[in-house]
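If you want the building blocks of each chain, they are given just below.
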Amino acid sequence: MFRKRLIFICTVMLSLVIAGCNDEEPIKEEVIQHNWNESPLFKSGSYTMIGEEGRLGFIYDDSVVVRFYPDKVQKYMWHFWGNEDELIGDFKVLGTHENSDEEITVVPTIGNSFPSPNNGADQHFPTNMMLPKSGMWKLDAYIGDKIFGSVYVKVHKK
């Protein structure tokens, strides 16, 4: 009788140990939720910029003159802060509207292999940008093949 209990207890304990060693976790689908609020404004040198201070942004002060309006082409100077390795490569910007999953090219690829400091930033790129419809947009800035950061902007109605 003692032997049967001992075998039973050992079997239960072994089963618990084996079940506890299973490293597989249930597969969780990662859902990326975006904060569809306009990015904050910050100062760099004598300019006001929109984006993430100390990382990326472009000259923008939310005045009527520089605001985004549907289909209106405007000149914007992008600025980046970071180490030299991450600031070397081609630059491009892809945009996504808050009501769509479709990405559009906002700034086609601009070749640049050497950082060029400007306005307190480690790198800069002059661009022309136009967004086709009103609402909130996420602008994903890429240097090389990697996303460097995102800036959220509002496109005002005409």
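Keep in mind it's a predicted model, so treat the numbers as computed, not measured.

Colleague: Let's hear about the overall build of the protein: which residues, and what values?
Modeller: A count of helical and extended segments in the protein gives one helix and nine strands. Scanning the protein from its N terminus toward the C terminus, one meets helices and strands in the order α-β-β-β-β-β-β-β-β-β. A buried classification covers 33% of the 158 residues belonging to the protein.

Colleague: I'd like a description of the pattern of salt bridges, backed by residues and values.
Modeller: All told, the structure shown has three salt bridges when counted by the stated rule. Residues Arg55 and Glu86 are paired through a salt bridge, measuring 3.3 Å at the closest nitrogen-oxygen approach. Of the two residues, Arg55 is situated in the loop between β2 (47–52) and β3 (56–59) and Glu86 in the loop between β4 (74–80) and β5 (91–97); the sequence distance between them amounts to 31 residues. What makes Arg55 partly exposed here is its relative accessible area of 23%.

Colleague: Tell me what's going on with the sheet that holds strand β7 (residues 123–129), and back it up with residues and numbers.
Modeller: Taken together, five strands build an open sheet; the order of strands is β1-β2-β3-β4-β7 and the sheet is antiparallel. With partners counted over all chains shown, the strands left at the sheet margins are β1 (41–44) and β7, one partner each. Recorded for the sheet is a direction-independent mean angle of 35° between the axes of neighbouring strands.

Colleague: Any details on the pairing of β2? Residues and values, ideally.
Modeller: Every other side chain in a regular strand lies on the same face of the sheet, so the side chains alternate between the two faces. Across four bridges, β1 lies against β2 in antiparallel orientation. Bridging across to β2, Ser44 finds its partner in Tyr47. The antiparallel pairing of β1 with β2 creates a hairpin that spans two residues between the two strands, and Gly45 there sits at a positive phi of about 60°. Relative to β3, β2 runs antiparallel, the two sharing four bridges.

Colleague: Any details on the packing of aromatic side chains? Residues and values, ideally.
Modeller: One pass over the full model with this rule turns up 15 aromatic pairs. Consider the rings of Tyr60 and Phe68, whose centres lie 6.0 Å apart with planes at 25°: the pair is stacked. A residue is classified by how much of its surface remains accessible, and Tyr60, at 1% relative accessible area, is buried. Look at Phe80 and Phe125: their rings are 6.0 Å apart centre to centre, the planes differ by 75°, and that puts the pair in the edge-to-face class. Here the residue Phe80 occupies a position in strand β4, and Phe125 occupies one in strand β7, the gap between them amounting to 45 residues. One aromatic cluster is present, built from ring pairs that chain together Phe58, Tyr60, Phe68, Tyr76, Trp78, Phe80, Phe91, Phe125 and Phe148. Across the ring face of Phe148, the terminal group of Arg55 is positioned such that the distance to the ring centre comes to 3.6 Å. For the cation-ring pair, Lys92 lies above Tyr142, with the distance from its terminal atom to the ring centre recorded as 5.3 Å.

Cut-offs used in this document
Residues numbered from 1 in each chain as written. Predicted model: local features only at pLDDT ≥ 70, side-chain atom pairs only at ≥ 80, totals over all residues. Heavy atoms only, no water. Helix = DSSP H or I, 4+ residues; strand = E, 2+ residues; numbered from the N terminus. Buried < 20%, exposed > 50% of the residue type's maximum accessible area, 1.4 Å probe, protein only. Salt bridge = Lys/Arg side-chain N within 4 Å of Asp/Glu carboxyl O. Pairing = 2+ DSSP bridges. Axes fitted to C-alpha atoms, helices over the stretch in contact; angles between N-to-C directions. Phe/Tyr/Trp six-rings, centres within 6.5 Å; stacked < 30°, edge-to-face > 60°. Lys NZ or Arg CZ within 6 Å of the ring centre and 35° of its normal.

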